[in-house]
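# Residue-level structural notes
Residues per chain, in single letters:
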Amino acid sequence: MKKFLWKILLAAICVFAGQCVFWLIIIQQNIRIEDIAEEVYDAIDIAETHNTYTRVIIGDSVCRQLLAPDNQIENEEVCYLGTNQLITVCGNYILLSRYIENNPQTEKVYYFVRPQSLGVDIDQHLFYPYFVIPFCRTEYMPYLEEETKTLLTEKFGRIFVYNRYVKGLLQNNKALLSKYIAKYHENEIKKNNLSKMTVIYLEKLQELCEEHNIEFVVIATPLAGESSDYDWESYMSEAEAYGLEGLLSGYTNSIYYIPEEYFTDGIHLVNGYVNENREEILKKIFGEFPIR
C-alpha cells in the first residue's frame, strides 16, 4: 500500500513539474496561446522589422477596420499599423518609436483615431492585457515617463507590471486573467475628452516626428450621426487648456459623418457597408485612394 501511494505521489510530482516546465517554456519564448490582443502583437512584430514604406498609419480599431493588414497589398507606400484604442496614445507612441528606429526612411505619420479613443486611460476595461502585458517589457520601459510608471504600478501592482513570468501566466490563462481584471476593474469608467495618457503622449508623438523630420497628422475616423450630436466646443476647449489646440487644429471640423444605421455598435461600421464603400470613405477622409 505504501509503495502504491509513493507511486501516486511521484506521478503527481512529475505531472506538476512537467506543467511548470511547459509554462516556463511558453513564457520564455513569448508564445501566445490565447487570442487576446492579437492585433497588438501583430503590430509590434511589424514595428520591429525593417520595410520599404515611407508612410505609416497608426490608430484604433476603427482605423484597423478601414485599413486592415489584409488590405496592405493595395498600398506600397503606406504601412497599415492600426490596433485598438486600449493601447492608448502611449502604446502608439512606443509602437511608432520602435517603427521609426527600424524604418528611418519614414516621411509621414497619420494618427487615424476616433476622438473618443483619445479619452481612454488606464481605467479602461482590458487595459491590462492590451497595454501592460505587451508594452511593459524591459526594452520598452525607457519610453515611459516616470509618472506613467508610477500610475501603472499603483494601479496594477509592481509584480504585475514588471515580472514577465507573472504576466506570461496571466496572458496564457483566460480564467486567471479574468479574475485578476475583475479585481482592479472599476465599474464606472472615468470619461474624459482627453485622458492623461493622451495629454502626455500625443505631444511626445509630435516631438518624436519633429526630431526625425517626419510630418505628423492627426485625422478622425468616421463617426455615427451628425456634428450636432457631439459637443466639439467642449472637446476643443479641453485641447486648448492642455496646449494641444495646434496639433488638433481642424481635427473635429474635418470629421466624416455616416448615418447610424451603418454602424454595428455606434463605433464600428457594418462590414458589408465597409466592403461596398471603403474606397469612397477613405477618399473623403484622406482626399485620395490609395492613400499617399
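Rules of the game
Residues numbered from 1 in each chain as written. Predicted model: local features only at pLDDT ≥ 70, side-chain atom pairs only at ≥ 80, totals over all residues. Heavy atoms only, no water. Helix = DSSP H or I, 4+ residues; strand = E, 2+ residues; numbered from the N terminus. Buried < 20%, exposed > 50% of the residue type's maximum accessible area, 1.4 Å probe, protein only. Contact = heavy atoms within 4.5 Å. Areas by Shrake-Rupley, 256 points an atom, 1.4 Å probe, with all protein chains shown as cover. Pairing = 2+ DSSP bridges. Axes fitted to C-alpha atoms, helices over the stretch in contact; angles between N-to-C directions. pLDDT = per-residue confidence, 0-100. Phe/Tyr/Trp six-rings, centres within 6.5 Å; stacked < 30°, edge-to-face > 60°. Lys NZ or Arg CZ within 6 Å of the ring centre and 35° of its normal. Core = buried A, V, L, I, M, F, W, Y, C linked by side-chain atoms within 4.5 Å. Parallel < 35°, antiparallel > 145°, perpendicular 65-115°, else oblique. Expected span 1.5 Å × (residues − 1).

Of the regular secondary structure elements, the protein holds 12 helices and six strands. The buried share of the protein, taken over its 292 residues, is 48%. Sequence-distant contacts, at least 24 apart, represent 78% of the contacts inside the protein between residues at least 6 apart. About 15000 Å² of surface is accessible on the protein, with carbon and sulfur atoms providing 51% of the total.

Note on sheets: strands pair through backbone hydrogen bonds, and any given pair is parallel or antiparallel. Spatially, the four strands line up as an open sheet ordered β2-β1-β3-β4, and their pairing is parallel. Each having just a single partner strand, β2 (78-82) and β4 (215-219) make up the two edges of the open sheet. Sheet twist, expressed as the average angle between the axes of neighbouring strands with direction ignored, equals 15 degrees. With five bridges joining them, strand β1 (residues 55-59) and β2 adopt parallel strand pairing. Paired with I58 across the two strands is L81, which belongs to β2.

Turning next to the confidence of the model for the protein. Scored by pLDDT, the protein has a mean of 87; 85% of the residues are at 70 or more. Contacts of residues 14-34 to residues separated by more than four positions or lying in other chains number 26 contacts, the stretch itself having pLDDT below 50.

Further remarks concern helix α5 (residues 127-135). Within α5, nine of the nine residues are buried, leaving the element largely enclosed by the surrounding structure. Three or more residues of α5 are buried, namely F127, Y128, P129, Y130, F131, V132, I133, P134 and F135.

Let's shift gears to the packing of aromatic side chains. By the definition in use, this model includes 15 aromatic pairs. Centre to centre, the rings of F135 and Y140 are 6.3 Å apart; their planes meet at 40 degrees, and the pair counts as tilted. Across this residue pair, the class does not change: F135 and Y140 are buried. Geometrically, the ring pair formed by Y230 and Y257 is tilted, given 6.1 Å between the ring centres and 35 degrees between the ring planes. Taken together, the positions of Y230 in the loop between β5 (223-224) and α11 (232-241) and Y257 in strand β6 (residues 257-258) put the pair 27 residues apart, joining distant regions of the chain. Using a relative accessible area of 23% as the deciding quantity, one classes Y230 as partly exposed. Through pairs of rings, three or more aromatic residues link up here, namely F127, Y128, F131, F135, Y140, F156, F160 and Y180. R158 extends its terminal NZ or CZ atom over the ring of Y162, reaching a point 4.3 Å from the ring centre.

The next thing to look at is the pairing of strand β3 (residues 108-112). For β3, a buried count of five out of five residues is recorded, marking the element as mostly surrounded by other parts of the structure. Here β3 shows no split at all, with K108, Y110 and F112 on one side and V109 and Y111 on the other all buried. Across five bridges, the pairing between β1 and β3 is parallel. Bridge assignment links I58 to a residue of β3, and that residue is Y111. Pairing of β3 with β4, which is carried by five bridges, proceeds in the parallel orientation. Within the sheet, the bridge partner assigned to Y111 lies in β4 and is V218.

The next subject is the side chain of N75. You can see N75 is positioned in the loop between α3 (61-66) and β2. Not counting residues within four places of it along the chain, the set of residues in contact with N75 comprises Y53, Y80, P290, I291 and R292.

Time to look at unusual backbone geometry. In this structure, P290 follows F289 across a cis peptide bond, with omega equal to -5 degrees. Secondary-structure assignment places P290 in the segment after α12 (271-286). Backbone geometry at A37 places phi at a positive 60 degrees, although glycine is not the residue there. Exposure remark for A37: the relative accessible area of 0% places this residue in the buried category.

Okay, the nonpolar core next. Of all hydrophobic cores here, the largest spans 67 residues; its most connected members are Y111, F131, L152 and L202. Non-local contacts of Y111, meaning those with residues more than four positions away in its chain, are made with I58, G59, T88, V89, N92, L118, L202, L205, F216, V217, V218 and I219. Among the nonpolar cores identified, the runner-up in size contains 23 residues, and Y256, I258, F263 and L282 belong to it.

Orientation of helix α2 (residues 38-47) relative to helix α4 (residues 88-102), taken along the N-to-C sense of each, is 30 degrees, at an axis distance of 8 Å. Taken together, the axis directions place α2 and α4 in an arrangement best described as roughly parallel. Residues A43, I44, I46 and A47 of α2 form the contact with α4, whose own contacting residues are L95, R98, Y99 and N102.

The terminal C-alpha atoms of helix α10 (residues 196-211) lie 23 Å apart, and with 16 residues this matches the ideal 22 Å at 1.5 Å per residue to within 8%. Where α10 is concerned, the buried positions are M197, T198, V199, I200, Y201, L202, K204, L205, L208 and C209. Buried positions along α10 lie against β1, α4, β3, α5, α6 (146-156) and β4. Positive backbone phi, approximately 55 degrees, marks N213, located one or two places after α10.

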